[in-house]
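Given next are the chains, with one letter for each unit.
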Amino acid sequence: PRYNVLLKDDKHYPYLRLTTQEKFPRLEVVRRVRKDGATYFGPYSMVKEVRETIRLIYKIFPLRQSKDKLDGKLLRRPCLNHQMGRCLAPCTGEVSVEAYKKVVNEVESFLKGKNTALLKKLKLGMDSASQEMRYEEAALFRDKIHAVQTVLDKQKIVSTALQDQDVIAYCSEKNL
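Let us look at the structure shown here.

Reading the values: the criteria
- Residues numbered from 1 in each chain as written.
- Predicted model: local features only at pLDDT ≥ 70, side-chain atom pairs only at ≥ 80, totals over all residues.
- Heavy atoms only, no water.
- Helix = DSSP H or I, 4+ residues; strand = E, 2+ residues; numbered from the N terminus.
- Buried < 20%, exposed > 50% of the residue type's maximum accessible area, 1.4 Å probe, protein only.
- Contact = heavy atoms within 4.5 Å.
- Areas by Shrake-Rupley, 256 points an atom, 1.4 Å probe, with all protein chains shown as cover.
- Salt bridge = Lys/Arg side-chain N within 4 Å of Asp/Glu carboxyl O.
- Axes fitted to C-alpha atoms, helices over the stretch in contact; angles between N-to-C directions.
- Left-handed = near helix turned anticlockwise from the far one by under 90°.
- Nonpolar A, V, L, I, M, F, W, Y, C, P; charged D, E, K, R; others polar.
- Pairing = 2+ DSSP bridges.

1. Some thoughts on the overall build of the protein
If you tally the helices and strands in the protein, you get 5 helices and 3 strands. Along the protein, from the amino end to the carboxyl end, the secondary structure elements read β-β-β-α-α-α-α-α. Burial status across the protein gives 32% buried among its 176 residues. In the protein, of all internal contacts separated by at least 6 residues, the share reaching a separation of at least 24 is 53%. When the accessible surface of the protein is summed, it comes to about 12700 Å², and 52% of that surface belongs to carbon and sulfur atoms.

Structure representation (structure tokens):
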């Protein structure tokens, strides 16, 4: 703006919030970190990267996308994401808390950068599908592997600490 001589922006960096305090956690994009029992990942430099990461997570992990408050009982019929295999449908009461927690732990380890096990699992799935001549399924695994690797290359900062931190890096090269 014309009179913004200090060049200040009222927006904060985006974070990914995994609502681990809920019975059936979900992911959302937030701009402020609060002490509410949820797990935060970030800050990210661009919202586009965050949305791309969420899209990838929903493609790989069957995590719920609805904002309903769930307690494990039947709330409604399964959504389209469940029919496509992208949600375990906790809103229908079909999935146990323990089974859903396994998926949440995988998402958490993915966002923390512990992705070697995930990549191995995807590569094994791709190899077994191609061995059994299910080439369409193998191509889906290949696309997921590629998506995971591109997100890993773009992700720069991961911090869940609720404190200010200064980071300094220094690199020098000798001419040979």
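And the narrative resumes.
2. Observations concerning the pattern of salt bridges
Scanning the model with the defined rule gives 9 salt bridges in all. Across the pair Arg 17 and Asp 36 runs a salt bridge, and its minimum N-O distance is 2.6 Å. A residue pair is termed long-range when its members are at least 10 positions apart, and Arg 17 in strand β1 (residues 15–18) and Asp 36 in the loop between β2 (27–30) and β3 (39–41) qualify at 19 residues. Here Arg 17 falls in the buried class, since its relative accessible area comes to 13%. Take Asp 36: its relative accessible area is 29%, and that puts it in the partly exposed class. In this structure, a network of salt bridges that share partners links the residues Arg 17, Arg 26, Glu 28 and Asp 36.

3. Quick look at the packing of helix α1 (residues 47–60) against helix α3 (residues 97–112)
At a minimum axis separation of 11 Å, α1 and α3 run at an interaxial angle of 145 degrees. The handedness of the crossing between α1 and α3 is right-handed. Residues Thr 53, Leu 56 and Ile 57 of α1 lie in contact with α3, whose contacting residues are Val 107, Phe 110 and Leu 111. Considering only residue class, the contact of α1 with α3 consists of 5 nonpolar, 1 polar and no charged.

4. So, unusual backbone geometry
Residue Pro 43 is reached from Gly 42 by a cis peptide bond, and omega for that bond is 5 degrees. Looking at the secondary structure, you find Pro 43 in the loop between β3 and α1. If you check the backbone angles, Met 133 has positive phi at about 60 degrees while not being a glycine. Residue position: Met 133 is located in the loop between α4 (116–131) and α5 (135–154). Residue class for Met 133 comes out exposed when judged on its relative accessible area of 62%.

5. Quick look at the sheet that holds β3
Pairing within the open sheet is antiparallel, and its 3 strands lie in the order β2-β1-β3. Both outer strands of the open sheet, β2 and β3, are each paired with one neighbouring strand and no more. This sheet shows a mean twist of 30 degrees between the axes of neighbouring strands, independent of strand direction. Strands β1 and β2 of the sheet are contacted by α1, whose axis makes an angle of about 175 degrees with β2.

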